[in-house]
Amino acid sequence: MYREFLKRFRTFKNWWRFIPPFNRARYNVIARLRDGTNILVRDIRSDDYTTLMDVVGEDMYRLSLIKNPSIIVDVGAHIGTFSIPVARRFPNATVYAVEPDAENYHALLHNIALNDLKNVFPLNVAVAGGYGSTPFYTSASNVAHSIVDASVGTGTAMVDTIPLSKFPCIDVLKFDAEGAEYVIGEIPRTSYLAIEIHTIAGRDPEKLERDLTSKFRIVRKDVGKSGHITLVGVGR
């Protein structure tokens, strides 16, 4: 209990909003981070909050490894828990925040405006093998929608797609797109990579991990309860 309290205290200026009894008001809470970033959390008992704590509170992507980037691409931007802090940290960088889900994208736009960021360019599309459109399987969890894994679905929509090659000369790539890592073709060499490799029937996560290990010096590897692998690497 004390450890969780301390984590909230170190992460948020308004830390009391995330502990009892104040967390009973759970909807549309602005998390005011210690670095000055503001993130609207739609529900503090939802994946908005857990993702924010993973990225900021736990520093799962080791953001200190990012050095003076020009082009940052965030695939699976969700509500901006990665792209907004790095955009504020590197105001001269151009940040592309890619999020196909309409509700997440709306929250992303809100958080970009909340931080008055002019260097973040949001795209309401999915990254896939090329330009076009594809089925988008929506999940009850707002971080589990997928263009690859139909088993997550409570519904299906169509979304526009773009290739990763749309973004030349990427310095920083964060990729968490629920299986899209298997259909985008080759992941380019970058100075920094954070990627989630998902366990999906018919896909080979070990091969993808080997390919990435040959390109990047892996500085962090974490295997989640579901078997998904998080890798953080720097260019060789």
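Whatever comes next refers back to the structure up there.
Residues numbered from 1 in each chain as written. Predicted model: local features only at pLDDT ≥ 70, side-chain atom pairs only at ≥ 80, totals over all residues. Heavy atoms only, no water.

Draft legend 1. Spatial organisation of the overall build of the chain. Helix and strand content of the chain: five helices and twelve strands. A compact globule built from 236 residues would reach a C-alpha radius of gyration of about 18 Å, and the chain, at 17 Å, matches this within 12%. Projecting the C-alpha coordinates of the chain onto the three principal axes gives extents of approximately 45 × 40 × 35 Å. The contacts in the chain between residues at least 6 apart in sequence include a share of 52% that link residues at least 24 apart. Accessible surface computed for the chain: about 11400 Å², of which carbon and sulfur atoms make up 51%. Looking at charge distribution, the chain has the averaged site of its 29 positive side-chain charges lying 8 Å from that of its 26 negative ones. (Helix = DSSP H or I, 4+ residues; strand = E, 2+ residues; numbered from the N terminus. Rg over C-alpha atoms; globule rule 2.2 N^0.38 Å. Contact = heavy atoms within 4.5 Å. Areas by Shrake-Rupley, 256 points an atom, 1.4 Å probe, with all protein chains shown as cover. Lys, Arg positive; Asp, Glu negative; His and termini not counted. Charge placed at Lys NZ, Arg CZ, Asp CG, Glu CD.)

Draft legend 2. Local environment of the nonpolar core. Core analysis: the largest hydrophobic core is formed by 37 residues, its most contacted members being Phe-12, Tyr-61, Ile-66, Phe-82 and Tyr-192. Listing elements by their share of this core, those giving two or more residues are strand 1 (27-32), strand 2 (38-43), helix 2 (47-57), helix 3 (83-89), strand 4 (94-98), helix 4 (102-114) and strand 10 (192-197). Leave out the neighbours within four places in its chain, and Ile-66 touches Phe-82, Val-86, Phe-90, Val-172 and Tyr-192. In terms of nonpolar packing, the next biggest core, distinct from the first, is built from 33 residues, Ala-126, Leu-164, Phe-175 and Leu-193 among them. (Core = buried A, V, L, I, M, F, W, Y, C linked by side-chain atoms within 4.5 Å. Buried < 20%, exposed > 50% of the residue type's maximum accessible area, 1.4 Å probe, protein only.)

Draft legend 3. Just the pattern of salt bridges, in detail. The final tally for this structure, using the stated rule, is ten salt bridges. Measuring nitrogen to oxygen at the nearest pair gives 2.8 Å for the salt bridge that ties Lys-221 to Glu-209. Here Glu-209 lies in helix 5 (residues 205-215) and Lys-221 lies in strand 11 (residues 216-223), a separation of twelve residues in the sequence. The class for Lys-221 is partly exposed, based on a relative accessible area of 47%. Connected through salt bridges with shared partners, the residues Glu-4, Lys-7, Arg-8 and Glu-58 form a single ionic network. (Salt bridge = Lys/Arg side-chain N within 4 Å of Asp/Glu carboxyl O.)

Draft legend 4. Spotlight on helix 4. Compared with an ideal rise of 1.5 Å per residue, which puts 13 residues at 18 Å, helix 4 spans 18 Å between its outermost C-alpha atoms and is within 8% of the ideal. Taken as a whole, helix 4 has its buried residues at Asn-104, Tyr-105, Ala-107, Leu-108, Asn-111 and Ile-112. One side of helix 4 carries all its buried residues, which in axial view fall inside an arc of 160 degrees. Exposed and oriented more than 90 degrees from the buried face of helix 4 are Ala-102, Glu-103, His-106 and Ala-113. Close packing links the buried residues of helix 4 with strand 2, helix 3, strand 4 and strand 5 (120-123). You can read the cap of helix 4 off the contacts: a side-chain oxygen lies 3.3 Å from the backbone nitrogen of Glu-103, and it is on Asp-101. Positive phi appears at Asp-116, one or two residues downstream of helix 4, with a value of about 55 degrees. (Expected span 1.5 Å × (residues − 1). Arc of directions from axis to C-beta. Polar contact = N/O pair within 3.5 Å; in protein donor to acceptor, adjacent residues only side chain to side chain.)

Draft legend 5. Examining the sheet that holds strand 11 more closely. With mixed pairing, the seven strands of this open sheet are ordered in space as 5-4-3-9-10-12-11. Pairing within the sheet leaves two strands with one partner each, and these edge strands are strand 5 and strand 11. Mean inter-strand twist for the sheet, computed between neighbouring axes without regard to direction, equals 15 degrees. The pairing of strand 3 (residues 71-75) with strand 4 spans five bridges and is classified as parallel. Within the sheet, the bridge partner assigned to Ile-71 lies in strand 4 and is Thr-94. Sitting on the sheet, helix 4 is in contact with strand 4 and strand 5, with an inclination near 165 degrees to strand 5. Together, strand 10, strand 11 and strand 12 (229-235) form the strand contacts of helix 5, whose direction differs from that of strand 11 by roughly 145 degrees. (Pairing = 2+ DSSP bridges. Axes fitted to C-alpha atoms, helices over the stretch in contact; angles between N-to-C directions.)

Draft legend 6. Layout of helix 5. Within helix 5 the residues assigned to the buried category are Pro-205, Leu-208, Glu-209, Leu-212 and Lys-215. Burial along helix 5 is one-sided: seen end-on, the buried residues are contained in an arc of 120 degrees. Exposed residues lying more than 90 degrees from the buried face of helix 5 are Glu-206 and Arg-210. Lining the buried residues of helix 5 we find strand 10, strand 11 and strand 12.

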